[in-house]
Amino acid sequence: MADATYDAVIIGAGHNGMALGTYLARCGWEVAIFEKRAEEGGGLCTEELTRPGFLHNVHCNYHTLVGVCPVYGDLDLHDHGLRYVRPPVQMASVFRDGTALTVHTDLDKTCASIARFSQKDADTFHRLYDETRGYLDMILRTLMYSPPISMNDITRALVTLGVEERAEFLSVHLRRTTINQFLDQHFENDKVKAHLAFHAAVAGYSTDRKGLAVSFPLLVGKIDNWHLCVGGSHALAHSLWEAFGQAGGRVFLKHGVEQILIEDGKAVGVKLEDGGVIRARHLVASSIDLEQTFLKMVEPTALPDGFTNAVEKYPHMDWSFFSVHLALNQAPRYTAADFDPDVNAAWVVNVGYESPQEINQHWQDARAGRLPDPKPNCAVNSLYDPTDAPEGGYTGLIRQFAPYRLAEGGAEAWDRVARDYGRRCIDRWREFAPNLDDGAVTSWATYTPLDISRRIPSMVQGDWMGGLIDVDNMLDKRPFAELSQYRTPIGNLYMCGATQHPHGFVTFAPAYNALQVIADDYHLERWWR
């Protein structure tokens, strides 16, 4: 494209890049976003992977911060056609003995379901939920929607505010505790613990990692806030694109960035893959991964000693997702519906985990490059969004925790084993919903951890979270000290993507927090307050 100049140049049109661009454009800046792929939205992609009319969310399916994240309201996304459904039966676990546990938007119904396994656990969950909800605003604003502070500062704040004395569950000691240990300390029934561990795992939190219990109260606080984007997750990307365009911003698709231009230690623009030069009056912000940004787009001589080494050593998730997308001609009917009829209305279902130990085994398998014995989570979006399938049809999704690199053959081996493993996952779902025979499954397609990284290079090694979720890669330690506050060692160059605090998923928090830093640096009027 022809050379041009803008106030801000953003690399990557994922949801974080689009959100930051829209905020800045509404500040009166001229903003341009450059995206290598042919569509905006990053992981917010919805495609007909199986049969015409069946809309499959290829990456992001579960939106858990709707109504909580400030970006939706600040950018008026619902005025741009965005619609969500909050299923009344959020999720379920079905067990081999024909029982089931269901989570509802109605807390009393959730506790009644838990009580069928343990009244003590039901009472404990109710207290945990109430306590967490009482601190949720503080947790979100302090731990998610603000530039990060240290764990030590958080500990001191909890002590100063007297939270430790008043709280039953929220404790400074959680930073040394695994989620499994937290569950063992407070709950007694394995099936109840399995479901709560499953919920944390689907959100990206390995339940056996020391220190991640510090985030567990936040996960519980939004356990009943899972939302389905009507028309597919790409509808969120489209609403962002429309809001950005209305604010005067421009998105250039199929315009990959080759180099970040640096003069006198400051970012002054980018060079595109087609040779075009785009100047930035104020800043360049990257919403993509560290490796592309600093190992490919920045000359090594522009970076301080040791910086490149820190990027190369940045830890990624040690497991990913293997998915099967299905076109169905009927909804699943679970045998466990004899125990709890609500299970047939559950949006997301844990199929097979009976205890936290079984989830632990899958972490061990994934880290060793082994294919876990399938115990997937399964969702049927059409139960609550009939627009995503033709009349009489249902769009199904299977997701299984899995390694990126297989012990035999590495990541490329996925091309060989995907179809067989997909069949195993379908067979496991069928054990619990026997009506899903070959006549009910009219078409299906696999999507492997390798496919994730091929389609979206920013998801390095199939890492949809932008980096390992670990206590040593959290808050002001993420991704490492020099980048933890969204600024970089290069003047006027900022990071605003999933590698930054808090992490990936559709939180918008990396963009929102980068915005706060940029607003301070450029003395912007905070119209979004």
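Please refer to the structure higher up on the page.
The structure presented is a predicted model; accordingly, all values stated were derived computationally and were not measured.

S.K.: Help me understand the sheet that holds strand β17 (residues 441-447), please; the structure alone is not making it clear to me.
M.R.: Sheet strands associate in pairs through backbone hydrogen bonding, adopting either a parallel or an antiparallel arrangement. Taken in spatial order, the seven strands make up an open sheet running β7-β6-β14-β15-β16-β13-β17, and their pairing is mixed. Whereas interior strands pair on both sides, the edge strands pair on one side only; in this sheet they are β7 (100-104) and β17. Pairs of neighbouring strands in the sheet enclose a mean axial angle of 20°, with direction left out of account. Pairing of strand β14 (residues 348-351) with strand β15 (residues 377-380), which is carried by three bridges, proceeds in the antiparallel orientation. By the bridge assignment, N350 is partnered in β15 with N377.

S.K.: Mind showing me how you'd approach the nonpolar core here?
M.R.: V94, F125, F216, L326 and W429 are the most contacted members of the largest nonpolar core, which totals 103 residues. Per-element tally for this core: the top contributor is helix α14 (residues 414-432), with eight residues. Once residues within four sequence positions are removed from consideration, L326 is found in contact with T50, H56, Y394, T395, G396, L397, I398, I426, W429, V441, S443 and W444. Formed by 55 residues, the second largest nonpolar core is a distinct cluster that contains A25, C60, C229 and L515.

S.K.: I would appreciate a short explanation of helix α10 (residues 234-246) in the present structure.
M.R.: What sets the pattern is the α-helix's 3.6 residues per turn: residues three or four places apart point alike. Along its 13 residues, α10 runs 18 Å from first to last C-alpha, staying within 8% of the 18 Å computed at 1.5 Å per residue. Within α10, burial applies to H234, L236, A237, S239, L240, A243 and F244. The positive-phi residue at the C-terminal boundary of α10 is G248, with phi of around 100°.

S.K.: I tried to follow the environment of C111 on my own but got confused; where do I start?
M.R.: Within the secondary structure layout, C111 lies in helix α3 (residues 107-115). Taking the C-alpha atoms as reference, C111 lies 38 Å from P315; in sequence the two are 204 residues apart.

S.K.: What should I look at first to understand the packing of helix α1 (residues 15-26) against α10 in this one?
M.R.: Helix packing geometry: the angle between the two helix axes and the distance between the axes. Between α1 and α10, the least distance of the axes is 9 Å, while the angle of their chain directions is 25°. Taken together, α1 and α10 sit at an angle that is classed as roughly parallel. Helix-helix and strand crossings are classified by hand; for α1 and α10 the assignment is left-handed. For the pair α1 and α10, contact is made by H15, M18, A19, G21, T22 and A25 and by A237, L240, W241, A243 and F244, respectively.

S.K.: Would you mind showing me how to read the pattern of salt bridges here?
M.R.: As a working rule, side chains carrying opposite charge can pair if their charged atoms are close by. Scanning all chains against the criterion turns up 32 salt bridges. Two residues, D318 and R209, come together in a salt bridge whose shortest N-O distance is 2.7 Å. In this pair, D318 sits in the loop between α12 (307-312) and β13 (320-328) while R209 sits in the loop between α8 (190-202) and α9 (216-221), placing the two residues 109 residues apart along the sequence. The closest approach of N and O atoms between D521 and R487, which form a salt bridge, is 2.9 Å. In this pair, D521 is assigned in helix α16 (residues 509-522) and R487 in the loop between α15 (449-455) and β18 (493-495), connecting sequence segments 34 residues apart. Look at D521 and you get partly exposed, because its relative accessible area is 30%. Here the residues in one salt-bridge network are D208, R209, D318, R367 and D470, joined through shared partners.

S.K.: Help me understand the pairing of strand β1 (residues 4-11) in this model?
M.R.: Successive residues of a regular strand alternate their side chains across the two faces of the sheet. The element β1 is largely enclosed, with a buried count of seven among its eight residues. For β1 and strand β12 (residues 277-286), the ladder comprises seven bridges, and the chain directions are parallel. By the bridge assignment for β12, A4 is matched with I278. Looking at chain direction, β1 and strand β2 (residues 31-34) are connected through four bridges and run parallel. Opposite I11, over in β2, you have F34 as the bridge partner. This β-α-β element, β1 to α1 to β2, shows right-handed connectivity.

S.K.: Can you help me understand the side chain of Q292 in this one?
M.R.: Its location among the elements puts Q292 in helix α11 (residues 290-296). For Q292, the side chain forms a polar contact with the side chain of D289, separated by 2.5 Å. Dropping the residues within four chain positions of it, Q292 is found in contact with M297, P457 and S458.

S.K.: Looking at this structure, how should I read the packing of helix α7 (residues 179-186) against α8?
M.R.: Contact pair α7 / α8: the axes reach a minimum separation of 10 Å and the direction vectors enclose 150°. As summarised for this structure, α7 and α8 are arranged roughly antiparallel, according to the angle between their axes. The chirality of how α7 crosses α8 is right-handed. Note on element contacts: α8 touches α7 through K193, L196, A197 and A200, opposite I179, L183 and D184. Residues belonging to the contact of α7 with α8 are distributed by class as follows: five nonpolar, no polar and two charged.

S.K.: Before we go on, may I ask you to explain α3 in this structure?
M.R.: Turning to α3, its buried residues are L107, T110, C111, S113 and I114. Looking straight down α3, one finds that the buried residues subtend no more than 155° of arc, so they occupy a single side. The N-cap residue of α3 is D106: its side-chain oxygen and the backbone nitrogen of D108 are 2.9 Å apart.

S.K.: What exactly am I supposed to notice about the pairing of β13 here?
M.R.: In terms of residue burial, β13 counts as a mostly covered element, since nine of its nine residues are buried. The side-chain alternation of β13 yields two buried faces, one formed by S320, F322, V324, L326 and L328 and the other by F321, S323, H325 and A327. In this structure, β13 lies alongside β17, joined through six bridges in antiparallel fashion. Across the sheet, residue H325 finds its bridge partner in β17, namely A445.

S.K.: Is there a simple way to explain unusual backbone geometry in this structure?
M.R.: The phi angle of most residues is negative, glycine excepted, and most peptide bonds adopt the trans form. Note the cis peptide between R478 and P479, where omega equals -10°. Geometrically, the link from H501 to P502 is a cis peptide bond, its omega value of 5° lying close to zero. With respect to the helices and strands, P502 occurs in the loop between β18 and α16. Residue Q461 is not a glycine yet carries a positive backbone phi of 60°. Along the chain, the position of Q461 falls in the loop between α15 and β18. Phi is positive for N492, close to 70°, though the residue is something other than glycine. Here N492 lies in the loop between α15 and β18.

Quick notes on the rules
- Residues numbered from 1 in each chain as written.
- Predicted model: local features only at pLDDT ≥ 70, side-chain atom pairs only at ≥ 80, totals over all residues.
- Heavy atoms only, no water.
- Pairing = 2+ DSSP bridges.
- Helix = DSSP H or I, 4+ residues; strand = E, 2+ residues; numbered from the N terminus.
- Axes fitted to C-alpha atoms, helices over the stretch in contact; angles between N-to-C directions.
- Core = buried A, V, L, I, M, F, W, Y, C linked by side-chain atoms within 4.5 Å.
- Buried < 20%, exposed > 50% of the residue type's maximum accessible area, 1.4 Å probe, protein only.
- Contact = heavy atoms within 4.5 Å.
- Expected span 1.5 Å × (residues − 1).
- Parallel < 35°, antiparallel > 145°, perpendicular 65-115°, else oblique.
- Left-handed = near helix turned anticlockwise from the far one by under 90°.
- Salt bridge = Lys/Arg side-chain N within 4 Å of Asp/Glu carboxyl O.
- Right-handed = clockwise from strand over helix to strand, strands pointing away.
- Polar contact = N/O pair within 3.5 Å; in protein donor to acceptor, adjacent residues only side chain to side chain.
- Nonpolar A, V, L, I, M, F, W, Y, C, P; charged D, E, K, R; others polar.
- Arc of directions from axis to C-beta.

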